[in-house]
Amino acid sequence: MPAICVIGAQWGDEGKGKLVDILGETADVIVRYQGGNNAGHTIVVDGKKYTFHALPSGVLRGVRSLIASEVVLDPRQLFDEVEKFKTDINLGIDPRTSIIMPWHNDLDNIGEESRKKSTGSAIGTTSRGIGPCYEDDKNRSGIRFYELVGDPKNLEGRIREVHDTKKRILEQVYNVKPSYDIDETVRSYLFLGGYLRDYLADVSQEVGNALKENKKVIFEGAQGTLLDIKFGNYPKVTSSHPMSGAVFDSVGIPPMKMRTVGIIKAYVTKVGSGPVVTCLDNGLWPVDESKSNFEGNYIRNKGGEKGTTTGRPRRVGWMDAVALKYTHRLNSFSDLALMKLDCLSGLDKIKMAVAYEHDGKVTDDYRSWDLKFLSECKPVYEEFDGFGDISSARRYRQLPKNARKYVSRIEELVKVPITVVSVGPGREETIYRNFKKL
Ligand code: GDP
Ligand code: IMO
Ligand code: MG
């Protein structure tokens, strides 16, 4: 099958970047299809760390890298990212992509403050203006990439026109001044439009043609399924669809069969608020390490679980097979890549939730929409004996028996084969089990 989709099966930061980079070796095209620079995808090559926020993780391989229509694009941030990789970048951006403007950042921050005031709990967004930009996109007032790189006079008119409305909202509804200067914004976006002009590409047509020619295409998901705007833990979610079905809508190609690889960590993490049934941090967001379980702090430290985009400590929990069965149902994973298994080594005992207990009843019904229900659920754990250092294992049989037992149990519960076991951040720190590249 020439098309493959890489999907976060938990709450993001599962290690999608590493897997996309591995698959990128034999790919012709890599497409980012949702989210924006709220994402942070890390790749480690020869000990050097590269982080991508908007660029597809394929740029390091020199592969044709495309940004599809449902991405929200911040040209200020993209400029920095493009400058870093400029010499060998092969980038195309769809004209229909909506552009993040400075008022989106302001409205994102104000939205968080109001949520905190009215409900006592903010979402914990990345402050990148993601939600407000999707809002404008859906109400048809967004500025698109086509306009950014088009006629400068028209662009200036559009920026000033939308700013007038946003300024009134900021000042008259929220009683704050815009944090940006409009003349400076116009100057900077006119410059960015010129700078990015050559990257304009009809991604729908290009990917359609590539698939017809049997070229190898990767669709790179951002975030994770439990952050999906509809099927995640609404409202503690992002504003896009990080699921496999969303590929077709965003790219503009008809539905077709594709392989869908689910990326999971050997445990779970979540940045931001919302229920995590297996949480080892007393459910607290932001994390207060003095109130976390020993295992929560141990895994967070070993896994370097701090946000790539915002630097915030991520909440940590044991693997949740109930949630994973749910995300498998939504995505239909053909295989799973189990990342960061090395970060569990050294623990005496490892746990995995195989069911929840609620009100005296055992269930494996993941009611993603009912946050009260989820916050009342208690995990029903299976316990596993721990294992020592596995970072030098390169074949499955080199893993200790206890580590293999843990891997097999996940496969058994979710009923999907685990074809990749990752034991370190580097490309080579990877075990393959009947894993087919493209
Ligand atoms: P993404 O957003 O899904 O691409 O994931 P992030 O890049 O935000 O977070 C994953 C982090 O774990 C990155 O720093 C990776 O370099 C690192 N990583 C990936 N796989 C492994 C692994 O198997 N072991 C360890 N120790 N680190 C890993
Ligand atoms: P990658 O692609 C983890 C979280 C934020 C917040 C919620 C909404 O690296 O896996 P937003 O700024 O999108 O409106 O914030 O979603 N979030 C992520 N968490 N990994 C990500 O991306 C995320 N992108 C957004 O922390 O809780
Ligand atoms: Mg990340």
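Predicted model only: the values in this text are computed from it and were never measured. (Residues numbered from 1 in each chain as written. Chains lettered and ligands numbered in written order. Predicted model: local features only at pLDDT ≥ 70, side-chain atom pairs only at ≥ 80, totals over all residues. Heavy atoms only, no water.)

Below, the discussion takes up the coordination of the magnesium ion (ligand 3). Six octahedrally arranged donors around a metal ideally form angles of 90 or 180 degrees; four tetrahedrally arranged donors ideally form angles of 109.5 degrees. Protein-derived ligands of the magnesium ion (ligand 3) are D13 (OD) and G40 (O), with the metal-ligand distances lying across 2.0 to 2.2 Å. Residue D13 is found in the loop between β1 (3-8) and α1 (16-24), and its partner G40 is found in the loop between β2 (29-32) and β3 (41-45); the two are separated by 27 residues along the sequence. Classification of G40 by relative accessible area gives buried; the value is 11%. (Donors = N, O, S within 2.8 Å, 3.2 Å for Na, K, Ca; no water. Helix = DSSP H or I, 4+ residues; strand = E, 2+ residues; numbered from the N terminus. Buried < 20%, exposed > 50% of the residue type's maximum accessible area, 1.4 Å probe, protein only.)

What follows deals with the packing of aromatic side chains. Within a pair of aromatic rings, the relevant descriptors are the distance that separates the centres and the angle that separates the planes. This structure, assessed with the given rule, holds eleven aromatic pairs. Consider the rings of Y432 and F435, whose centres lie 5.5 Å apart with planes at 25°: the pair is stacked. For Y432, a relative accessible area of 37% puts it in the partly exposed group. Chaining the aromatic ring pairs together yields one cluster made of Y50, F52 and F85. Of note, R433 hangs over the ring of Y396, and the distance from its end group to the ring centre comes to 3.8 Å. (Phe/Tyr/Trp six-rings, centres within 6.5 Å; stacked < 30°, edge-to-face > 60°. Lys NZ or Arg CZ within 6 Å of the ring centre and 35° of its normal.)

The environment of ligand 1 is formed by 19 residues, the closest being K16, G40, T42, D342 and S422. The separation between an oxygen atom of ligand 1 and a polar side-chain atom of R314 is 3.4 Å. Here a nitrogen atom of ligand 1 sits 2.8 Å away from a polar atom, N or O, in the side chain of D342. Against a free-state accessible area of 590 Å², the protein chains account for coverage of 92% of ligand 1. When contributions to the shell around ligand 1 are tallied by element, the ones reaching two or more residues are α1 and β3. A breakdown of the residues in the shell around ligand 1 according to their chemical character gives four nonpolar, eight polar and seven charged. (Near = heavy atom within 4 Å. Polar contact = N/O pair within 3.5 Å; in protein donor to acceptor, adjacent residues only side chain to side chain. Areas by Shrake-Rupley, 256 points an atom, 1.4 Å probe, with all protein chains shown as cover. Nonpolar A, V, L, I, M, F, W, Y, C, P; charged D, E, K, R; others polar.)

Of all hydrophobic cores here, the largest spans 58 residues; its most connected members are F219 and L341. A total of six residues in this core trace back to one element, the largest contributor, which is helix α13 (residues 401-414). Here this core spans two domains, and each of domain 1 (3-94 + 201-261) and domain 3 (264-432) adds at least three residues to it. Setting aside anything within four residues of it in sequence, one finds F219 in contact with A3, I4, C5, V6, V31, Y33, V207, V247, V251, I253, M256 and M258. If you look at the next biggest cluster of nonpolar residues, it comprises 36 residues, including Y50, V71, L91 and Y195. (Core = buried A, V, L, I, M, F, W, Y, C linked by side-chain atoms within 4.5 Å. Domains from an automatic or database assignment. Contact = heavy atoms within 4.5 Å.)

So, on to the site of ligand 2. Neighbouring ligand 2 are 21 residues; D13, K16, H41, T126 and T238 lie closest to it. Within the side chain of N38, a nitrogen or oxygen atom sits 2.8 Å from an oxygen atom of ligand 2. One nitrogen or oxygen atom from the side chain of H41 is found 2.7 Å from an oxygen atom belonging to ligand 2. Protein coverage of the free-state accessible area of ligand 2, which is 550 Å², stands at 97%.

Per the domain assignment, the segments making up the protein are domain 1 (3-94 + 201-261), domain 2 (98-198) and domain 3 (264-432). On a C-alpha basis, the centroid separation for the pair domain 2 and domain 3 is 36 Å. Facing seven residues of domain 2, the contacting portion of domain 3 comprises six residues. Carbon and sulfur atoms supply 38% of the area that domain 2 and domain 3 bury against each other, a total of about 400 Å² over both sides. Looking at the side of domain 2 facing domain 3, the largest losses of area belong to G124, T126 and R128, adding up to 64% of the total buried there. At the surface where domain 2 touches domain 3, the tally comes to zero salt bridges. (Buried area = accessible area lost by both parts, 1.4 Å probe. Salt bridge = Lys/Arg side-chain N within 4 Å of Asp/Glu carboxyl O.)

Attention shifts here to the pattern of salt bridges. Taken as a whole and judged by the stated rule, the model has 36 salt bridges. A salt bridge links D183 to R160; the nearest nitrogen and oxygen atoms lie 3.0 Å apart. With D183 in helix α7 (residues 182-196) and R160 in helix α6 (residues 152-173), this pair connects stretches of sequence that are 23 residues apart. For E382, the salt bridge is made with R409, and the minimal N-O distance between the two is 2.6 Å. Of the two residues, E382 sits in strand β17 (residues 378-385) while R409 sits in helix α13, which places them 27 residues apart along the sequence.

As for its placement among the helices and strands, T260 is situated in strand β10 (residues 259-265). According to the relative accessible area criterion, T260 is buried, its value standing at 4%. When sequence neighbours within four positions are dropped, the list of residues in contact with T260 reads C5, I7, S244, N331, S332, F333, S334 and D335.

Below, the discussion takes up unusual backbone geometry. Cis geometry is adopted by the peptide bond preceding P235, which originates at Y234 and carries an omega value of 5°. Assignment of secondary structure puts P235 in the loop between β9 (217-220) and α9 (246-251). For the bond from W285 to P286, the omega torsion is -5°, close enough to zero to count as cis. Counting through the fold element by element, P286 comes out in the loop between β11 (268-270) and α10 (294-303). With a phi angle near 60°, N214 is a residue other than glycine that sits in the positive phi range. Turning to its location among the elements, N214 is positioned in the loop between α8 (203-212) and β9.

To continue, consider the pairing of β3. Successive residues of a regular strand alternate their side chains across the two faces of the sheet. β3 sits mainly inside the fold: four of its five residues count as buried. Judged from the five bridges that link them, β3 and strand β4 (residues 48-52) form a sheet pairing that is antiparallel. In the sheet register, V45 faces β4, and the bridge partner there is K48. Taken together, β3 and the strand that follows it, β4, pair antiparallel across an intervening segment of two residues, in which D46 is found at a positive phi of about 50°. (Pairing = 2+ DSSP bridges.)

Take the state of the cysteines next. Scanning all chains against the criterion turns up zero disulfides. Unpaired in terms of disulfides, C377 finds its nearest cysteine sulfur in C279, a separation of 14 Å. Classification of C377 by relative accessible area gives buried; the value is 5%. (Disulfide = S-S within 2.5 Å.)

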